[in-house]
Amino acid sequence: MVGVAGECILCGKCLEVCPLLAATGREELGPRAKADLCALLAGDESLLASADVARLAGLCLGCGRCATVCSQGVDVPGLVAGLRAAHPDFKGWLWKTWLTHAKTLWPAGSAAARLVPESLRPDRFGPLLKMLAGLGAGPGLTPTLAPFLTPTSFPGTHRGERMLLFAGCTATLVRQQWLAAARSLLDGLGVDIQSGDFRCCGGGLKTAGFVDEARAMALHNIAVWRGAGRPKVVTFCVSCLSGLRGYDALFGDPAEAEVWRNSMTTLSILAKDTDFVISGAVPAQIAYHRPCHAHGADSDFLLLKAALGDRLVASTDRQCCGFGGVMSLGAPELADRVNARCWDQLAGAELVLTGCSACVARLAATAPQGVAVGHWLETVEIT
């Protein structure tokens, strides 16, 4: 069982940022209640039946917002992951299978899910099937932003610099247009893109309680980075970046761990000074969804705001898309309530952009009629 890292001082910061609490008004589903539960079970695991613990552990989105604001260092998603690891169930097994066999299951699964009519989708797994269908549906958005890049646009900043591109599972397996746009943009910036046989970041597995599987993926990715000479690692998925940054404990040498942390960068940071020309018909009402894992200044939003100007009319802040990982299997009705608050904030938009693959899947699966959803890379023309 995972123990509580610090002692709660009842400041309430975690309650203010918890999307599940905001959507339900039920404080027993909030971070403080979960921390109390973990502390109780750490003293005596027999106080609750295994099935009850597994059910309660499933009621967490794993967004990490509470851990970010906690002054005492209490990592509630980490505590919940410990409960999930100690009390595995079918939902967890299904989630682990989906992530560890992504290469085989995702392309075929997303295609098969599109063939299942909504009326025939089981109540429990209907939302997941809808997300799978959205992963690989159609060609994506019409590119309308042409990057204006010249050899003198970025004097000496990135030209010739060696970097590894961490594309993530979604772009590699079912949304290759994201990868193509990212490579085109990096080529324009003059980056020397190195090939690297990365695996999944492991973040989704870790949150679901499958620590050993997540650790194996993380160690493989670290080995790829070392083998390439420890260059910068470029990502364009906020959740992937969060997963990669969580590798610190796997380094025996604190100095190397710091090099790893400093090697992480985002595509939007590299391209922040790029001028974009609007080359096609752009919706008048565009919104941006800020992912839960976008801590501090959101470089994706800043890039889009500079490119789109007044066309970017709305954005979320504390609203979660409700993806929830394994929770989407165990409590889809609660995830839907979180998702509904997100769409309330995005109301009126014709197009919603974001920088997280999980958020794209969830929002695309729940978008109102006539509203398009995509990764911001889908709007970038490939040159």
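Up top is the structure these notes are about.
Residues numbered from 1 in each chain as written. Predicted model: local features only at pLDDT ≥ 70, side-chain atom pairs only at ≥ 80, totals over all residues. Heavy atoms only, no water.

Chemist: Help me understand the sheet that holds strand 2 (residues 162–166) in this model?
Modeler: Strand pairs in the sheet, formed through backbone hydrogen bonds, run parallel or antiparallel to each other. Reading across the sheet, the four strands line up as 3-2-4-5 and stay open at both edges, with parallel pairing between neighbours. Each edge of the open sheet is held by one strand with a lone partner, namely strand 3 (192–194) and strand 5 (264–266). Taking the axes of each pair of neighbouring strands and ignoring which way they run, one obtains an average angle of 40° across the sheet. The sheet contact formed by strand 2 and strand 3 spans three bridges and is parallel. Residue pairing for strand 3: Met163 is matched across the bridge by Ile193. Together, strand 4 (232–235) and strand 5 form the strand contacts of helix 15 (residues 254–263), whose direction differs from that of strand 5 by roughly 5°. (Pairing = 2+ DSSP bridges. Helix = DSSP H or I, 4+ residues; strand = E, 2+ residues; numbered from the N terminus. Axes fitted to C-alpha atoms, helices over the stretch in contact; angles between N-to-C directions. Contact = heavy atoms within 4.5 Å.)

Chemist: How should the sheet that holds strand 10 (residues 372–375) be read in this particular structure?
Modeler: Spatially, four strands are ordered 8-7-9-10 in an open sheet, and the strand pairing comes out parallel. Both edges of this open sheet fall to strand 8 (312–315) and strand 10, since each of them pairs with a single strand only. Each strand axis lies, on average, 30° off the axis of its neighbour in the sheet, ignoring direction. Relative to strand 10, strand 9 (residues 351–354) runs parallel, the two being bridged by four bridges. Residue pairing across strands places Leu351 opposite Ala372, the latter belonging to strand 10. The strands touched by helix 20 (residues 357–366) are strand 7 (286–289), strand 9 and strand 10; relative to strand 10, the strand with the most contacts, the crossing angle is about 170°.

Chemist: I keep staring at helix 20 and nothing clicks. Help me out?
Modeler: Residues spaced three or four apart along an α-helix point in a common direction, a consequence of the helix completing one turn every 3.6 residues. Among the ten residues that make up helix 20, eight are buried, leaving the element largely enclosed by the rest of the structure. Of all the residues in helix 20, the buried ones are Ser357, Ala358, Cys359, Val360, Ala361, Arg362, Leu363 and Ala365. (Buried < 20%, exposed > 50% of the residue type's maximum accessible area, 1.4 Å probe, protein only.)

Chemist: Please explain the environment of Ser279 as it appears in this structure.
Modeler: Position of Ser279 relative to the elements: it lies in the loop between strand 6 (275–278) and strand 7. Separated by 135 residues in the primary sequence, Ser279 and Thr144 have C-alpha atoms spaced 5.2 Å apart. Ignoring any residue separated from it by four or fewer positions in sequence, one finds Ser279 in contact with Thr144, Leu145, Ala146 and Glu381.

Chemist: What should I look at first to understand the nonpolar core in this one?
Modeler: In globular proteins that are soluble, nonpolar side chains generally tend to be buried together. Among the nonpolar cores identified, the biggest contains 35 residues, and Leu186, Phe236, Leu267, Leu308, Trp376 and Leu377 are the most heavily contacted of them. Every element with two or more residues in this core is listed here: strand 2, helix 11 (176–188), helix 16 (267–270), strand 7, helix 17 (299–308) and strand 9. The element that contributes the greatest number of residues to this core is helix 11, accounting for six residues. In this structure Leu308 touches Leu145, Val282, Ile286 and Leu353, once residues within four positions along its chain are discounted. (Core = buried A, V, L, I, M, F, W, Y, C linked by side-chain atoms within 4.5 Å.)

Chemist: Got a minute to help me understand helix 14 (residues 238–245) in this structure?
Modeler: Of the residues making up helix 14, those classed as buried are Val238, Cys240, Leu241, Gly243 and Leu244. Each element contacted by the buried residues of helix 14 is listed here: strand 2, helix 12 (203–207), strand 4, helix 15, strand 5 and helix 17.

Chemist: I keep staring at the packing of aromatic side chains and nothing clicks. Help me out?
Modeler: Given two aromatic rings, one states the distance between the centres and the angle between the planes to describe the pair. Counted under the stated rule, the structure contains seven aromatic pairs. Taken together, a centroid distance of 5.0 Å and an interplanar angle of 55° make the contact between Phe166 and Phe198 tilted. Placement of Phe166 in strand 2 and of Phe198 in the loop between strand 3 and helix 12 is noted, with a sequence separation of 32 residues between them. Each member of the pair, Phe166 as well as Phe198, carries the same accessibility label: buried. Relative to Trp260, the ring of Phe251 lies with its centre 6.0 Å away and its plane at 40°, an arrangement referred to as tilted. According to the relative accessible area criterion, Trp260 is buried, its value standing at 0%. (Phe/Tyr/Trp six-rings, centres within 6.5 Å; stacked < 30°, edge-to-face > 60°.)

Chemist: Would you mind going over unusual backbone geometry with me for this structure?
Modeler: A negative phi holds for most residues other than glycine; trans holds for most peptide bonds. We note that Leu10 has phi near 60°; this positive angle belongs to a residue other than glycine. Within the secondary structure, Leu10 is located in the segment before helix 1 (13–17). We classify Leu10 as exposed; its relative accessible area is 62%. Backbone geometry at Arg230 places phi at a positive 60°, although glycine is not the residue there. As for its position among the elements, Arg230 is in the loop between helix 13 (211–227) and strand 4. For Arg230, a relative accessible area of 41% gives the class partly exposed.

Chemist: What's the story with the pattern of salt bridges in this structure? I'm lost.
Modeler: Per the counting criterion, the structure on display carries nine salt bridges. Note that Glu256 and Arg230 form a salt bridge whose closest N and O atoms lie 2.7 Å from each other. Of this pair, Glu256 sits in helix 15 while Arg230 sits in the loop between helix 13 and strand 4; the two residues are 26 residues apart in sequence, bridging distant segments of the chain. Close ionic contact of Asp336 with Arg362 constitutes a salt bridge, the shortest N to O distance being 2.9 Å. Here Asp336 is found in helix 19 (residues 332–345), whereas its partner Arg362 is found in helix 20, with 26 residues between them in sequence. Several salt bridges share partner residues, and in doing so they unite Arg226, Arg230 and Glu256 into one network. (Salt bridge = Lys/Arg side-chain N within 4 Å of Asp/Glu carboxyl O.)

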